[in-house]
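A look at the structure
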Amino acid sequence: SSGINAEYGYQRRVRGAQKTDISFTVLLYLKKSLGINWKRAGQYLGVSRERLRRIEDVGIANPKSGIEKMAQDMLFEWAEKDPQPTVAKLCAALEAADLSKLSQGVMAKVNKEKQPPKKVKGKKTRRKVDSSVKVPISEETNPVQSEWCI
């Protein structure tokens, strides 16, 4: 349910942006993968130091939410403030922040999303018929009859 709320929050908060090609799946991947590097990524994305400090202060005050929440808030802040948050800008910032593995991960997610679903070629799958189907025995064929049924 928190994923649904986060997706709704992302859509609502980024609505003011002109256009974005960043999917919720990409942001979810980053939120989970940035770890302690969330603040460095935020600096390279152009989120102000003051705003990063506020996000961190809120995160420290609410330890249950953790680093993932801080990373999410930073990404939302960037997507909200940037007039056109794009995958290209995101990857460029991650590369500049020396987080190239994350940049590659983002591109892998984007490329996977662009691919049409795979169709299985070859055999047509048939429904298997279970040969051991049990047929209920009627009272007429049942040799044991109960007295109370009479």
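Just above, that's the structure.
Reading the values: the criteria
Residues numbered from 1 in each chain as written. Predicted model: local features only at pLDDT ≥ 70, side-chain atom pairs only at ≥ 80, totals over all residues. Heavy atoms only, no water. Salt bridge = Lys/Arg side-chain N within 4 Å of Asp/Glu carboxyl O. Helix = DSSP H or I, 4+ residues; strand = E, 2+ residues; numbered from the N terminus. Buried < 20%, exposed > 50% of the residue type's maximum accessible area, 1.4 Å probe, protein only. Expected span 1.5 Å × (residues − 1). Arc of directions from axis to C-beta. Contact = heavy atoms within 4.5 Å. Axes fitted to C-alpha atoms, helices over the stretch in contact; angles between N-to-C directions. Parallel < 35°, antiparallel > 145°, perpendicular 65-115°, else oblique. Nonpolar A, V, L, I, M, F, W, Y, C, P; charged D, E, K, R; others polar. Polar contact = N/O pair within 3.5 Å; in protein donor to acceptor, adjacent residues only side chain to side chain.

Taken as a whole and judged by the stated rule, the model has five salt bridges. The shortest N-O distance in the salt bridge between D73 and K69 comes to 2.8 Å. With D73 and K69 both in helix 5 (residues 66-81) and four residues apart, this pair spans about one turn of that helix. Taking the relative accessible area as the measure of exposure, K69 reaches 35% and is therefore partly exposed. Ionic pairing is found between D82 and K89, a salt bridge with its closest N-O pair at 2.9 Å. Among the residues examined, D82 registers a relative accessible area of 14% and is labelled buried. Given the relative accessible area of 37%, K89 is considered partly exposed.

Another aspect to go through is the environment of L28. Tracing the chain through its elements places L28 in helix 2 (residues 24-33). Accessibility expressed as a relative area gives 31% for L28, which makes it partly exposed. Put simply, L28 and Q72 are 44 residues apart on the chain and 7.9 Å apart in space, counted from C-alpha to C-alpha.

The end-to-end C-alpha separation of helix 4 (residues 49-61) is 18 Å, in line with the 18 Å expected for 13 residues at 1.5 Å each. For helix 4, the complete set of buried residues consists of L52, I55 and G59. Looking down the long axis of helix 4, one finds its buried residues gathered within 60° of arc, a one-sided arrangement. Looking at helix 4, the residues exposed on the side facing more than 90 degrees away from the buried face are I60 and A61. The inward-facing, buried residues of helix 4 abut helix 3 (38-45) and helix 5.

What follows covers unusual backbone geometry. Its identity is not glycine, yet D98 carries a phi of approximately 65°, on the positive side. With respect to the helices and strands, D98 occurs in the loop between helix 6 (87-96) and helix 7 (100-114).

Bringing the packing of helix 3 against helix 5 into the picture now. The packing of two helices is summarised by the inter-axis angle and the distance between the axes. Put simply, helix 3 and helix 5 touch, their axes get as near as 9 Å, and they point 5° apart. By the criterion of interaxial angle, the relationship of helix 3 to helix 5 is roughly parallel. Counted together, W38, A41, G42 and L45 of helix 3 and I67, M70, A71, M74, L75 and W78 of helix 5 form the full contact between these two elements. Grouping the constituent residues of the contact of helix 3 with helix 5 by class yields nine nonpolar, one polar and no charged.

Let us now look at the side chain of S23. Among the structural elements, S23 can be located in the loop between helix 1 (2-14) and helix 2. In this structure S23 comes out as buried when scored by relative accessible area, which is 18%. Looking at S23, its side chain comes within polar contact range of the main-chain nitrogen of V26, at 3.2 Å. A distance of 2.6 Å separates a polar atom in the side chain of S23 from a polar atom in the side chain of E113.

All of the buried residues along helix 6 are V87, L90, C91, A93 and L94. End-on, the buried residues of helix 6 take up no more than an arc of 160°, which puts them together on one face. On the buried face of helix 6, the contacting elements are helix 2, helix 3, helix 5 and helix 7. A positive backbone phi angle near 65° is found at D98, which sits one or two residues after helix 6.

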